[in-house]
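# Results of the structural survey
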Amino acid sequence: MNTGTISPEQSRSSTKFPLQTKQAARVINDKILVIITQYGKVGSLAYVTFDSLSSKSLSSFSTNVTTDVNFLLGGFSSLYQFYALHIATIIANENPNDRRSVVIGLALKDAVNGEDVDNKEIINCIELMVRECKVW
């Protein structure tokens, strides 16, 4: 039985969010696993595949990536779908010749001390964490 090739795991903690946030990333054979959590566990698990990638070198966020997102675990939300697509697109843009699918675990809090969290701030922090903790 082939168990696949497992790369070393990269992980980091960030205090850039209003709450402690942890990220782990690992490559397992033909998939990249990225988990971003404020609860210490996986809440929703999304599977993102790339239908096509642009052949040119991409230096910034681009919509030249066609993706398909399926939620495997936890609740579906349009916000988590957006986060999953954004994370997968960052990975595709950073390594445009890599067509591995991405499994993304997200467990983020909606509010801190009763106040809503700014989604733009969250996506900027997620982008920074993904770029700093890459395994691809």
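First, a word on what this report is: a plain description of the structure on this page. For clarity, every value in this text was computed on a predicted model and none was experimentally measured.

### Concerning the pattern of salt bridges
All chains considered together, the criterion is met by four salt bridges. Taking the shortest distance from any N to any O, the salt bridge between lysine 31 and aspartate 30 comes out at 3.0 Å. Given the relative accessible area of 43%, aspartate 30 is considered partly exposed. Between aspartate 98 and arginine 100 there is a salt bridge, with its nearest N and O atoms 2.5 Å apart.

### A word on the packing of aromatic side chains
Both the distance between ring centres and the angle between the ring planes are used here to describe each pair of aromatic rings. Per the stated rule, a full pass over the model turns up three aromatic pairs. Their ring planes at 85 degrees and their centres at 5.1 Å tell us that phenylalanine 71 and phenylalanine 76 sit as a pair that is edge-to-face. The exposure class of phenylalanine 71 is partly exposed, given its relative accessible area of 22%. When its relative accessible area of 53% is taken as the criterion, phenylalanine 76 is described as exposed. Plain terms: the ring middles of phenylalanine 82 and tyrosine 83 are 6.3 Å apart, the flat faces sit at 55 degrees to each other, and that makes the pair tilted. Given a relative accessible area of 2%, tyrosine 83 falls into the buried group. Put simply, the rings of Tyr80, Phe82 and Tyr83 touch in pairs and so form one group of aromatic residues. The ring of tyrosine 39 is capped by lysine 109, whose NZ or CZ atom sits 5.1 Å from the centre of that ring.

Cut-offs used in this document
Residues numbered from 1 in each chain as written. Predicted model: local features only at pLDDT ≥ 70, side-chain atom pairs only at ≥ 80, totals over all residues. Heavy atoms only, no water. Salt bridge = Lys/Arg side-chain N within 4 Å of Asp/Glu carboxyl O. Buried < 20%, exposed > 50% of the residue type's maximum accessible area, 1.4 Å probe, protein only. Phe/Tyr/Trp six-rings, centres within 6.5 Å; stacked < 30°, edge-to-face > 60°. Lys NZ or Arg CZ within 6 Å of the ring centre and 35° of its normal.

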